[in-house]
Amino acid sequence: MTEPAAISLRDVAKTYPDGTVAVHALSFDVPKGRIAALVGPSGCGKTTTMRMINRLIEPTSGQIRINGEDIMAADPVQLRRSVGYVIQQVGLFPHRTIGENVATVCALTGWTPQRTAARVDEMLDLVGLDPSVYRDRFPHQLSGGQRQRVGVARALAADPPVVLMDEPFGAVDPVARDRLQEQFLALQRQLGTTVVLVTHDIEEAVRLGDRLAVMREGGFLEQYAEPGTVLRDPASPFVADFVGADRTIKRLALTPIDLAALAPVDPDAAGLPTIPADARMREALIVLLESPTGRAVVLAEGAPVGTLTLADVHRGMLSEEPAA
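Residues numbered from 1 in each chain as written. Predicted model: local features only at pLDDT ≥ 70, side-chain atom pairs only at ≥ 80, totals over all residues. Heavy atoms only, no water.

### Quick notes on the packing of aromatic side chains
Convention followed: Centres within 6.5 Å make a pair out of two Phe, Tyr or Trp rings, where for Trp the six-membered ring is used; the pair is then stacked when the planes are under 30 degrees apart, edge-to-face when over 60, and tilted otherwise. Helix numbers and strand numbers start at the N terminus; a helix is a DSSP run of H or I with at least 4 residues, a strand a run of E with at least 2. Working definition: with a 1.4 Å probe on protein chains only, accessible area under 20% of the residue-type maximum means buried, over 50% means exposed, and in between means partly exposed. Only when the NZ of Lys or the CZ of Arg is both within 6 Å of the ring centre and within 35 degrees of the ring normal is a charge said to sit over the ring.
Scanning all chains against the criterion turns up 2 aromatic pairs. Both rings, one in Phe 238 and one in Phe 242, keep their centres 6.2 Å apart while their planes meet at 15°; by these two values the pair is stacked. You can see Phe 238 and its partner Phe 242 sitting in helix α11 (residues 237–243), 4 residues apart, about one turn around the helix. Note on Phe 238: relative accessible area 21%, which makes it partly exposed. The ring of Phe 220 carries the charged tip of Arg 216 above its face, separated from the ring centre by 4.3 Å.

### A short note on helix α8 (residues 174–191)
Here is the rule: The span you would expect from a helix comes to 1.5 Å times its residue count less one. The directions considered for the arc are those from the helix axis to the C-beta atoms.
Between the first and last C-alpha of α8 there are 25 Å, a value that for 18 residues agrees with the 26 Å anticipated at 1.5 Å per step. Every buried residue belonging to α8 is among Ala 176, Leu 180, Gln 181, Phe 184, Leu 185, Leu 187 and Gln 188, and all of these are buried. Considered in projection along α8, the buried side chains sweep an arc of 170° and stay on one side of the axis. Looking at α8, the residues exposed on the side facing more than 90 degrees away from the buried face are Val 175, Glu 182 and Gln 190.

### With respect to the sheet that holds strand β2 (residues 21–31)
Condition: A pair of strands is labelled paired if DSSP reports no fewer than 2 bridges between them. The contact criterion used is simple: two residues touch if any of their non-hydrogen atoms lie within 4.5 Å. Helix axes use the C-alpha atoms of the stretch in contact, all axes being lines fitted to C-alpha atoms, and the angles between their N-to-C directions lie in the range 0 to 180 degrees.
Strand order across the open sheet formed by 4 strands is β2-β1-β4-β5, with antiparallel pairing between neighbours. On the outer flanks of this sheet lie β2 and β5 (69–70), each paired with one strand and no other. Relative to β5, strand β4 (residues 61–66) runs antiparallel, the two being bridged by 2 bridges. Residue Arg 65 lies in a different strand from β5, and its bridge partner there is Asp 70. Across the face of the sheet, helix α1 (residues 46–53) comes into contact with β1 (5–15), β2 and β4 while running at roughly 120° to β1.

### What to know about the sheet that holds strand β3 (residues 35–39)
The strand order across the open sheet built from 6 strands is β6-β7-β8-β3-β9-β10, with neighbouring strands paired in mixed fashion. In this open sheet, the two edge strands, each paired with only one partner strand, are β6 (83–87) and β10 (220–225). If you compare each strand with its neighbour and ignore which way they point, the axes differ by 15° on average. Where strand β9 (residues 211–216) lies against β10, 5 bridges are found, and the strand directions are antiparallel. Counted as the bridge partner of Leu 212 is Ala 225 from β10. Sitting on the sheet, helix α7 (residues 144–156) touches β6 and β7 (162–166), and the angle it makes with β6 is about 165°.

### A word on helix α13 (residues 281–290)
Burial in α13 covers these residues: Met 281, Ala 284, Leu 285 and Leu 288. Along the axis of α13, the buried positions cluster into a sector of 105°, meaning they face one direction only.

### With respect to the nonpolar core
Keep this limit in mind: In this description, a nonpolar core means a group of buried Ala, Val, Leu, Ile, Met, Phe, Trp, Tyr and Cys residues linked to one another through side-chain atoms lying within 4.5 Å.
Within the largest apolar cluster, 45 residues are counted, with the highest numbers of intra-cluster contacts made by Val 102, Met 165 and Ile 202. It is α7 that provides the largest number of residues to this core, a total of 5 residues. Ignoring any residue separated from it by four or fewer positions in sequence, one finds Met 165 in contact with Met 50, Val 86, Val 152, Phe 184, Val 195, Val 196, Leu 197 and Val 198. Counting 27 residues, the second-largest nonpolar core is a separate cluster that includes Met 50, Ile 53, Val 83 and Val 196.

Okay, here's the thing in structure tokens:
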């Protein structure tokens, strides 16, 4: 069954006055509550495509709809206020408190002060920042990762149907980036927000995207599909080269542990490393490679449910379709 689209692009293109074609006619749908990751090298048109969705860049031709409404029929200012936007540099107002920053769009769209204040505290709490601690601080008093979380809170505060994210985690260190990605994914699933994410990082795209739009130089869409499909069956040599020769390993990041196929718990399980049942196979592979016996015990809610081996990971590599 086809999922209803929150965002629909049909033959959307952008040509600048000097004749430069930034985006050739492209068409794809983003289902409601899903994340579409636009990925590709510099100059492929992914940021231009994203910015056309809220008309920060006006499309030359084609049609874009958000929840069935043609964006060209909307007032561009009102459109941008209704679409969340997160950028790499965060863009917080330095002279405003964290609470005032998060409240920005709520205030612009006419929310009452009481409703706005409650929403600010709710959003700060959702992104893991205690409102009583952070609400009255200023951006310069926060770390880069904390400022990025405030940016996400601000983008989501007014319940937008769609959020656009342009390299949102690129300016933070790798450890913070992994944590932010995990937190954002949990938050997005909780809220059911539809997201278009721009990234040059295929690892990030695979981890976060429900759909991948792989673009090449000149603004051409090479493939639009679920991550497992892109990794298993690249649509062109360009896609195969872009996702990398290690795409089988990348697929393991999408593949859950098959609990039904696990061997019984070993009698000597007390000496084996453990893996949580909700881990993906790539995480499990790291543990197994460090295990002297190549085995590990899988735990569900703290209780052992079976033994995982390197052979199980190998079967995961050969599986037809990893679960997203």
